[in-house]
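What follows is each chain in one-letter form.
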Amino acid sequence: MLISRAVPPRPDRRIAGTMAVFSGLALLPDLDYLGVMMGLVDSGPCGHRGATHSLIVPLLVASLAAAISPRFNLPRWRTAVLCGLAVASHAFLDAMTVGSRGVPLLWPLTFARFEMPWRPIPNAPCGLHYLSAQGLRVATIELFQFFPVLLLALWPRNRPTPTATSRPPESRIRTVGSRPMTHPAA
Ligand SMILES: [Zn+2]
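First, a word on what this report is: a plain description of the structure on this page.

**Digging into the nonpolar core**
In step 1: L25, V61, C83, A86 and V87 are the most contacted members of the largest nonpolar core, which totals 19 residues.
In step 2: Among the secondary structure elements, those contributing two or more residues to this core are α1 (15-27), α3 (56-68) and α4 (76-94).
In step 3: It is α4 that contributes the most residues to this core, seven residues altogether.
In step 4: Once you skip the residues sitting within four places of it in the chain, V61 turns out to touch L25, C83, G84 and V87.

So this is what it looks like as C-alpha cells:
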C-alpha cells in the first residue's frame, strides 16, 4: 500500500483502488498455495514459497506493467518499477519470517533458499489455517510491527487546508450553556 503512494495521483483515479491493486500485487506470490491445496507437492519450484517467490516474478510483472501502463495513462517506467517492487517486497518479507523455509530468490538459476539475517516477523499459517487463534496472534503482531508503514500508507494525501471557520453564534451558545434554558412550570 505504501508503494502505491508513489503512483502519480489523478482526479479520475481513486487512491483506494490503486492501493487495492498494489496490495494484490504484493500478495501475488502466495498464489502458489492454491497449487498446494490442489495437490501439488509442497516442495521444489511448484511448492509454497517456491518459484513464485523468485525475483523472476517481479521482473515479469514489471515488464507487463511497462507494456500496459500507457493504456491507463500511467508513466511507463515508474509504474513498472513500482509494480515490480510491490511483488518483490513479498519475497523479501517472507525471507524475514522466523522459522520459515526461506525463499528461492534466484530461481531458475539456483533453488537455494535465502533468509535474511534478521527475521523478526512471525511465520503465518497458510491458507484457511490463517483463520485460527495462531493466525489471529500473528496478524496482531504484524499489525504492531507494520503500524508505522500502515500509518504512512493511509495518511491523507491532500489534507484539507485549515480555513477560518467560525461557528454560528447559535452553536456557541449551545456549547457554553449546556443546561436547559427552560424551567419547568411550578
Ligand atoms: Zn509468501
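**With respect to unusual backbone geometry**
In step 1: With an omega of 10°, the peptide bond between W107 and P108 qualifies as cis.
In step 2: Mapped onto the elements of the fold, P108 is located in the loop between α4 and α5 (133-145).
In step 3: Not every positive phi belongs to a glycine, and R49 is a case in point at roughly 55°.
In step 4: Relative to the helices and strands, R49 is located in the loop between α2 (32-37) and α3.
In step 5: Taking the C-beta count within 10 Å as the criterion, R49 has 25 such neighbours and is therefore assigned buried.

About the cut-offs
- Residues numbered from 1 in each chain as written.
- Predicted model: local features only at pLDDT ≥ 70, side-chain atom pairs only at ≥ 80, totals over all residues.
- Core = buried A, V, L, I, M, F, W, Y, C linked by C-beta atoms within 7 Å.
- Buried ≥ 20, exposed ≤ 12 C-beta atoms within 10 Å, placed from the backbone.
- Helix = DSSP H or I, 4+ residues; strand = E, 2+ residues; numbered from the N terminus.
- Contact = placed C-beta atoms within 7 Å.

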